[in-house]
Amino acid sequence: MERRDFVRWTGWGIMALLLPGCGTKNLLQDQKAEDNPIPPPAPVALAYDPKQLVVASGTDPDNLLDRGFNALGGMALLVKKDSLVVIKPNFSVPRAPEVAATTKPALVGALVKKCLAAGAREVRVIDHPFTNSRMCLQNTGMKEAVEGAGGKILTLDQANDTYYRKVNINGEILKTALYSKDALEADVLINFPVLKHHSTTKITMGLKNMMGLVWDRGVFHSTDLLQSIADLASFRKPHLTILDATRGITDNGPSGPGTIREWNQLVLGTDPVAVDAYGAELFGLNPAKLGYLTAAARSGLGEMDISKLTVVKI
């Protein structure tokens, strides 16, 4: 590692420890939340075939989502009338959409609009940014896209009972956490990550994107990050994972800027492990070499062997 890279990443690591939710202090005991942690919720009822992945190719957000959902069986199977839909994209760094370090806001806005058209009473878009929430909302274009589509956007930047509930994760490493109240209340939870490089885990996609639903991410980094990601994923699986693989950075992640690669694909599936495994191969990595992915597969959270799935390419 060159000296300038060492200084830059050391500085980023120090800064991360000072940001909301990134310190190593366990905040569960001294923040406002229920004294009795909520147990893991019942497994979600899946609207689509868990053995199927849909890969839509193209660049137009509306067209990608329309073809993707049609191949799955239609949005009406997922979003029922008067349901609360919560979407978890990645807008954790204050980068413009052109930098390709966040989920494309045009895709998120299009999804919000389609969920409302399907009958959802409300669509909330949430994340827990690394740094200044206002800058992340504005610089990424996410606020404008979501509100322009009729949705509500929230940044989970305060450890109180407005945003979080104390829950029992009961994982191998991660035992409890302050977990997003909105995600717990959702009738439909959609995970909408971006495919991009990550300096610690090599790559970040759906499973790691769920870290944005908890307050104290420092606990992950101060213990076993890879197993903790798998533990968190086992607490509440999303009803659907949509991987934004239209374009992403292939180095200098997660914050960027970095080298941008365009895959022009959207990957949809109810199996979060399978979606990430496909994304890893698309990125040029062996899924079996990603520790958090193999840990999630061992925990029974999904299928890592793409050959055992039906991949529908459209």
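Residues numbered from 1 in each chain as written. Predicted model: local features only at pLDDT ≥ 70, side-chain atom pairs only at ≥ 80, totals over all residues. Heavy atoms only, no water.

**A closer look at the overall build of the chain**
Then step 1. In terms of regular secondary structure, the chain is built from eleven helices and twelve strands.
Then step 2. Counting only residues that meet the buried cut, the chain has 56% of its 314 residues in that class.
Then step 3. For the chain, the proportion of contacts with a sequence separation of at least 24, taken over those separated by at least 6, is 75%.
Then step 4. Surface exposure of the chain reaches about 12,700 Å², of which carbon and sulfur atoms provide 50%. (Helix = DSSP H or I, 4+ residues; strand = E, 2+ residues; numbered from the N terminus. Buried < 20%, exposed > 50% of the residue type's maximum accessible area, 1.4 Å probe, protein only. Contact = heavy atoms within 4.5 Å. Areas by Shrake-Rupley, 256 points an atom, 1.4 Å probe, with all protein chains shown as cover.)

**A closer look at helix α9 (residues 225-235)**
Then step 1. Across the eleven residues that make up α9, a large majority, nine, are buried.
Then step 2. Restricting attention to buried positions, one finds in α9 the residues L225, Q227, S228, I229, A230, D231, L232, A233 and F235.
Then step 3. Two or three places before L226, at the opening of α9, D224 has a side-chain oxygen 3.3 Å from that residue's backbone nitrogen. (Polar contact = N/O pair within 3.5 Å; in protein donor to acceptor, adjacent residues only side chain to side chain.)

**Topic: the packing of helix α2 (residues 61-72) against helix α3 (residues 105-117)**
Each pair of packed helices can be described by the angle between their axes along with the distance between the axes.
Then step 1. In the contact formed by α2 and α3, the axes pass within 9 Å of each other and the chain directions differ by 55°. Judged by the angle between their axes, α2 and α3 are oblique. For the crossing formed where α2 meets α3, the hand is right-handed. For the pair α2 and α3, contact is made by P61, D62, L64, L65, D66 and F69 and by A106, L107, A110, L111 and K114, respectively.
Then step 2. Looking at the contact of α2 with α3 residue by residue, the classes come out as eight nonpolar, no polar and three charged. (Axes fitted to C-alpha atoms, helices over the stretch in contact; angles between N-to-C directions. Parallel < 35°, antiparallel > 145°, perpendicular 65-115°, else oblique. Left-handed = near helix turned anticlockwise from the far one by under 90°. Nonpolar A, V, L, I, M, F, W, Y, C, P; charged D, E, K, R; others polar.)

**Observations concerning the sheet that holds strand β2 (residues 84-89)**
Then step 1. Taken in spatial order, the eight strands line up as β4-β3-β2-β7-β10-β11-β1-β12 in an open sheet, and their pairing is mixed. Each of the sheet's edge strands pairs with one partner strand only, and the pair in question is β4 (152-155) and β12 (310-313). The average undirected angle you get between the axes of adjacent strands in this sheet is 20°.
Then step 2. Each of β1 (52-57), β10 (240-249) and β11 (260-269) is contacted by α2, which is oriented at about 155° to β1, the strand it contacts most.
Then step 3. Across the sheet, helix α10 (residues 272-283) touches β1, β10, β11 and β12, and the angle it forms with β11 is around 160°. (Pairing = 2+ DSSP bridges.)

**Some words on the pairing of β2**
Then step 1. Judged by how many residues are buried, β2 sits mostly within the fold: six of six residues are covered.
Then step 2. Taking every second residue as pointing to the same face, both faces of β2 are buried, with L84, V86 and K88 on one and V85, I87 and P89 on the other.
Then step 3. Regarding topology, α3 serves as the crossover connection from β2 to the parallel strand β3 (residues 122-127), and that connection is right-handed.
Then step 4. Bridge analysis of β2 against strand β7 (residues 188-192) gives five bridges, and the strand direction is parallel. Residue V86 lies in a different strand from β7, and its bridge partner there is L189. (Right-handed = clockwise from strand over helix to strand, strands pointing away.)

**Topic: empty space enclosed by the protein**
Then step 1. Evaluated as defined, the whole model comprises one cavity of 30 Å³ or more.
Then step 2. Lining the largest cavity are N191, G206, L207, M210, A233, K237, P238 and P272.
Then step 3. Taken together, the residues that form the lining of the largest cavity break down as five nonpolar, two polar and one charged. (1 Å grid on protein atoms, 1.4 Å probe; cavity = no way out; pocket = protein on both sides within 12 Å on 5 of 7 lines; lining within 4 Å. Points joined across faces, edges and corners; volume = space filled by probe spheres on them.)

**Description of the nonpolar core**
The nonpolar side chains of soluble globular proteins are, as a tendency, buried together.
Then step 1. With 56 residues, the main nonpolar core has Y179, L195, M205, F220, L232 and Y292 as its most contacted residues.
Then step 2. The element best represented in this core is α10, accounting for eight residues.
Then step 3. With sequence-adjacent residues up to four places away left out, Y292 is seen in contact with T201, I203, T204, M205, L207, L226, I229, A230 and D276.
Then step 4. In this structure, L65, V79, A110 and C136 belong to the second largest nonpolar core, which totals 35 residues. (Core = buried A, V, L, I, M, F, W, Y, C linked by side-chain atoms within 4.5 Å.)

**Quick look at the confidence of the model for the chain**
Then step 1. Per-residue confidence for the chain gives a mean pLDDT of 90, with 89% of residues at or over 70.
Then step 2. Within the model, the stretch residues 1-34 combines pLDDT values under 50 with 51 contacts to residues more than four positions away or in other chains. (pLDDT = per-residue confidence, 0-100.)

**Notes on the pattern of salt bridges**
Then step 1. Counted under the stated rule, the structure contains ten salt bridges.
Then step 2. Notably, a salt bridge pairs R124 with D182, separated by 2.7 Å at the nearest N-O pair. In this pair, R124 is assigned in strand β3 and D182 in helix α6 (residues 181-185), connecting sequence segments 58 residues apart.
Then step 3. With a relative accessible area of 6%, D182 lands in the buried category.
Then step 4. E262 is paired through a salt bridge with R247; the nearest N and O atoms lie 3.6 Å apart. Of this pair, E262 sits in strand β11 while R247 sits in strand β10, placing them 15 residues apart in sequence.
Then step 5. According to the relative accessible area criterion, E262 is exposed, its value standing at 51%. (Salt bridge = Lys/Arg side-chain N within 4 Å of Asp/Glu carboxyl O.)

**Let's talk about the layout of surface pockets**
Then step 1. Taken as a whole, the second largest pocket spans an internal volume of roughly 220 Å³.
Then step 2. Along its surface, the second largest pocket is lined by 18 residues, and P43, V44, L46, K237 and L301 are the ones closest to its centre.
Then step 3. A per-class count over the lining of the second largest pocket returns ten nonpolar, three polar and five charged.

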